[in-house]
Amino acid sequence: MTQKVAVLGTGKIGEALLSGMIRAGWAPADLLVTTRRAERAEELRTRYGVDPVGNAEAAKQADTLILACKPQDMGALLDELAPHVAPDRLVISAAAGITTAFIEERLAENTPVIRVMPNTPVLVDEGMSVISAGTHASREHLTHAEDIFGAVGKTLRVPETQQDACTALSGSGPAYFYYLVEAMTDAGILLGLPRDKAHDLIVQAAIGAAVMLRDSGEHPVKLRENVTSPAGTTINAIRELENHGVRAALIAALEAARDRSRQLASGNG
Ligand SMILES: NC(=O)C1=CN([C@@H]2O[C@H](COP(=O)(O)OP(=O)(O)OC[C@H]3O[C@@H](n4cnc5c(N)ncnc54)[C@H](O)[C@@H]3O)[C@@H](O)[C@H]2O)C=CC1
Ligand SMILES: O=C(O)[C@@H]1CCC=N1
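Analysis parameters
- Residues numbered from 1 in each chain as written.
- Chains lettered and ligands numbered in written order.
- Predicted model: local features only at pLDDT ≥ 70, side-chain atom pairs only at ≥ 80, totals over all residues.
- UniProt positions renumbered as here; feature names shortened; annotations may be inferred.
- Helix = DSSP H or I, 4+ residues; strand = E, 2+ residues; numbered from the N terminus.
- Buried ≥ 20, exposed ≤ 12 C-beta atoms within 10 Å, placed from the backbone.
- Near = placed C-beta within 6 Å.
- Nonpolar A, V, L, I, M, F, W, Y, C, P; charged D, E, K, R; others polar.
- Core = buried A, V, L, I, M, F, W, Y, C linked by C-beta atoms within 7 Å.
- Contact = placed C-beta atoms within 7 Å.
- Domains from an automatic or database assignment.

Please set out the UniProt feature "binding site: NADPH" (unreviewed entry) in the protein residue by residue, giving values where relevant.
On the UniProt side, "binding site: NADPH" (unreviewed entry) is annotated at positions that read Asn 55 here. Mapped onto the secondary structure, Asn 55 falls in helix α3 (residues 55-61). With 22 C-beta atoms packed within 10 Å, Asn 55 lands in the buried category.

Can you tell me about the environment of Arg 260, naming the residues and giving the values?
Among the secondary structure elements, Arg 260 is positioned in helix α12 (residues 246-264). With 16 C-beta atoms packed within 10 Å, Arg 260 lands in the partly exposed category. Distance in space between the C-alpha atoms of Arg 260 and Val 85 is 29 Å, their sequence separation being 175 residues.

How would you sum up the site of ligand 1? Please name residues and give values.
Neighbouring residues of ligand 1: 25 residues in total, closest Gly 9, Gly 11, Lys 12, Ala 95 and Ala 96. By residue number, the principal contributor to the shell around ligand 1 is helix α4 (residues 71-81), which donates four residues.

How would you explain the UniProt feature "domain: Pyrroline-5-carboxylate reductase catalytic N-terminal" (unreviewed entry) in the protein if you had to name every residue and give the values?
The feature "domain: Pyrroline-5-carboxylate reductase catalytic N-terminal" (unreviewed entry), as given by UniProt, occupies residues 4-97 in the numbering adopted here. What you have in residues 4-97 is 44% helix and 19% strand, and the ends, taken at the C-alpha atoms, are 26 Å apart.

Help me get a handle on the site of ligand 2, residues and values and all.
The immediate surroundings of ligand 2 are formed by Ala 96, Thr 167, Gly 171 and Ser 172. Taken together, the residues that form the shell around ligand 2 break down as one nonpolar, three polar and no charged.

An account of the nonpolar core is requested, with residue identities and associated values reported.
Ala 6, Leu 8, Leu 65, Ile 66, Leu 67 and Ile 92 are the most contacted members of the largest nonpolar core, which has 53 residues in total. Sorting elements by how many residues they give to this core places helix α1 (residues 12-23) first, with five residues. Those residues within four positions of Ile 92 in sequence are excluded, and the remaining contacts are Thr 64, Leu 65, Ile 66, Leu 67, Ile 114, Val 116 and Ala 145.

Just give me the short version of helix α11 (residues 233-243), but keep the residues and values in it.
Counting buried residues in α11 gives zero out of eleven residues, a small share hidden from the surface. Just downstream of α11 lies Gly 245, where phi reads positive at about 65°.

Requested: an account of the domain arrangement of the protein, with residues and values cited.
Domains assigned within the protein are domain 1 (5-165) and domain 2 (173-264). A separation of 32 Å is found between the C-alpha centroids of domain 1 and domain 2. Taken residue by residue, the interface counts nine residues in domain 1 and seven residues in domain 2. Of the residues contributing to the side of domain 1 that touches domain 2, the split by class is five nonpolar, three polar and one charged.

As structure tokens, then:
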């Protein structure tokens, strides 16, 4: 049976997911999108050949609804959707902080709900999507969510109590690496390198390090030790990182992201 999937609130993450599903072989005819602005709807129709519809129409036509609006817009979207979502639909939320209970209590009784935290590398099929079942989501529903998000990267099931932490690590995670690349490229400028060369060197160091972290089976400490020669260059850099409290800053930063995810649970921002 053809399963229609609708993305409701097709902004950055919604479009990233949509493009990945199409790359993975979903037929545009089986995909629906909703947007707030008509120009955005036309953009998505032109780019992907998908059908833009209203939220109520998406709820009627699609078997699976992926809610990808901001947490602050989720209450209003659910109020609009509630009269139209039959309890045999699967509702998947990609919004930070919003709990499955928040969604369940606004929809018909027994509606299956799944909470997913993806990240933007779904755009290059290297995403990580962290998945938790709500009260009425079955094993089949989880498998269906994994089919969708697994098309654009890896998936991981966690208890919902871990979702705010996973949002801090994984949902926001790519931003920290971009930030590091930006800062290290600035360092290259300070050291007299042209910006494009500094950028290429740091990006390739990041890619090489990421592949080694994934494929070598070695602990990150061992990998770092292998780079750190006695009385060499690296240890001088590491001493500065320690002096400036970079490890503590990262721990505090991720804790702040986790706390913000918890705050967003109210849907009020
Ligand atoms: N950007 C990211 O890296 C990630 C974002 N998320 C989550 O995804 C959600 C969306 O984030 P972004 O894509 O970054 O934001 P965005 O602002 O690019 O996209 C949200 C879209 O929803 C639309 N929208 C809002 N209310 C609507 C309604 N009632 N009907 C139809 N469309 C509506 C907005 O017009 C906008 O285009 C957020 O809840 C965020 O927590 C999750 C993981 C990663
Ligand atoms: O910054 C945010 O709130 C969203 C959720 C995870 C990544 N971006």
